[in-house]
Amino acid sequence: MNWTMKKNGWALCVLAAGLSGAAVSAWTAEQAAPSPSIAKDTRFFEMRTYYAAPGKLEALHARFRDHTNRLFKKHGMQLIGYWVPTDKEKGAENTLVYILAFPSREAREKSFAAFAKDPEWTTARTASEVNGKLVDKIDSVYLNATDYSPIK
């Protein structure tokens, strides 16, 4: 290993130490070369996993069914699907997983910003949480389709 490689490696370590884990992940993802197996015509997908507060999963389903889905569509989000785990030890009693699609990451950001400011959403969220919050945690993963995926 030559001095330049050592110096650059050290700088990367110092830079990473100063960033949060999320920032390092985002920085690394932005710097990574895209796989040649990513479809050229892929939409931008987001897989979201909601972990409902104890006893609140059915209320969360109702909020999606009665309000959220319509508002997602209103703000340009394409609903791909919603799922719950089948096994108790994998979260069947408190987990909702869904996937949305967007033309691009920028479109995703614009859609969610508009959704978050929508008075219908804030009213629905407030009403649904009158007896306590519905969601304890949300995980989000951004995805691109592969060139062999039937869904792009």
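Residues numbered from 1 in each chain as written. Predicted model: local features only at pLDDT ≥ 70, side-chain atom pairs only at ≥ 80, totals over all residues. Heavy atoms only, no water.

A. Representation of the sheet that holds strand β4 (residues 135–144) within the structure. The sheet built from four strands is open, its strands ordered β2-β3-β1-β4 with antiparallel pairing. The sheet is open, and its two edges are formed by β2 (78–83) and β4, each paired on a single side. Across the sheet, the mean angle from the axis of one strand to that of its neighbour is 20 degrees, orientation sign disregarded. The pairing of strand β1 (residues 44–52) with β4 spans nine bridges and is antiparallel. Its bridge partner being in β4, T49 is matched across the sheet by D139. Packing of helix α3 (residues 57–74) onto the sheet brings it into contact with β1, β2, β3 (95–102) and β4, and relative to β3 it is tilted by some 10 degrees. Contacts between helix α4 (residues 105–117) and the sheet are confined to β1, β3 and β4, with β1 contributing the most and set at about 45 degrees to the helix. (Pairing = 2+ DSSP bridges. Helix = DSSP H or I, 4+ residues; strand = E, 2+ residues; numbered from the N terminus. Axes fitted to C-alpha atoms, helices over the stretch in contact; angles between N-to-C directions. Contact = heavy atoms within 4.5 Å.)

B. Local environment of the packing of α3 against helix α5 (residues 119–128). Axis separation between α3 and α5 bottoms out at 10 Å; the angle between their running directions is 160 degrees. Considered as vectors, α3 and α5 are oriented roughly antiparallel to each other. The handedness of the crossing between α3 and α5 is left-handed. Contact residues: R63, H67, T68, R70, L71 and K74 in α3; E120, W121, A124, R125 and S128 in α5. (Parallel < 35°, antiparallel > 145°, perpendicular 65-115°, else oblique. Left-handed = near helix turned anticlockwise from the far one by under 90°.)

C. Main features of the environment of E93. Mapped onto the fold, E93 is located in the loop between β2 and β3. Measuring from C-alpha to C-alpha, the distance between E93 and E58 comes to 9.4 Å, with 35 residues separating the pair along the chain.

D. Representation of the nonpolar core. Counting 18 residues, the largest nonpolar core has L60 and F72 as the members making the most contacts within it. Among the secondary structure elements, those contributing two or more residues to this core are β1, α3, β3 and α4. With residues up to four places along the chain from it excluded, the contact list for L60 reads Y50, A52, L96, L134 and V135. (Core = buried A, V, L, I, M, F, W, Y, C linked by side-chain atoms within 4.5 Å. Buried < 20%, exposed > 50% of the residue type's maximum accessible area, 1.4 Å probe, protein only.)

E. Inspection of the packing of aromatic side chains at higher detail. By the definition in use, this model includes 13 aromatic pairs. Between Y50 and Y98 the ring centres are 5.4 Å apart and the planes differ by 55 degrees, which places this aromatic pair in the tilted class. Residue Y50 is found in strand β1, and its partner Y98 is found in strand β3; the two are separated by 48 residues along the sequence. On the basis of relative accessibility, which here comes to 8%, the residue Y50 falls in the buried class. A centroid spacing of 6.3 Å and a plane angle of 50 degrees characterise the contact between F102 and F112, whose relative ring orientation is tilted. Here the residue F102 occupies a position in strand β3, and F112 occupies one in helix α4, the gap between them amounting to ten residues. Here F102 and F112 have matching classes, each one buried. Feature note: the residues Y50, F64, F72, Y82, Y98, F102, F112, F115 and W121 constitute an aromatic cluster, connected by ring pairs. (Phe/Tyr/Trp six-rings, centres within 6.5 Å; stacked < 30°, edge-to-face > 60°.)

F. Layout of the confidence of the model for the protein. Confidence along the protein averages 85 in pLDDT terms, with 78% of residues attaining 70 or more. Note on residues 1–28: pLDDT under 50 across the span, and five contacts to partners over four residues away in sequence or across chains. (pLDDT = per-residue confidence, 0-100.)

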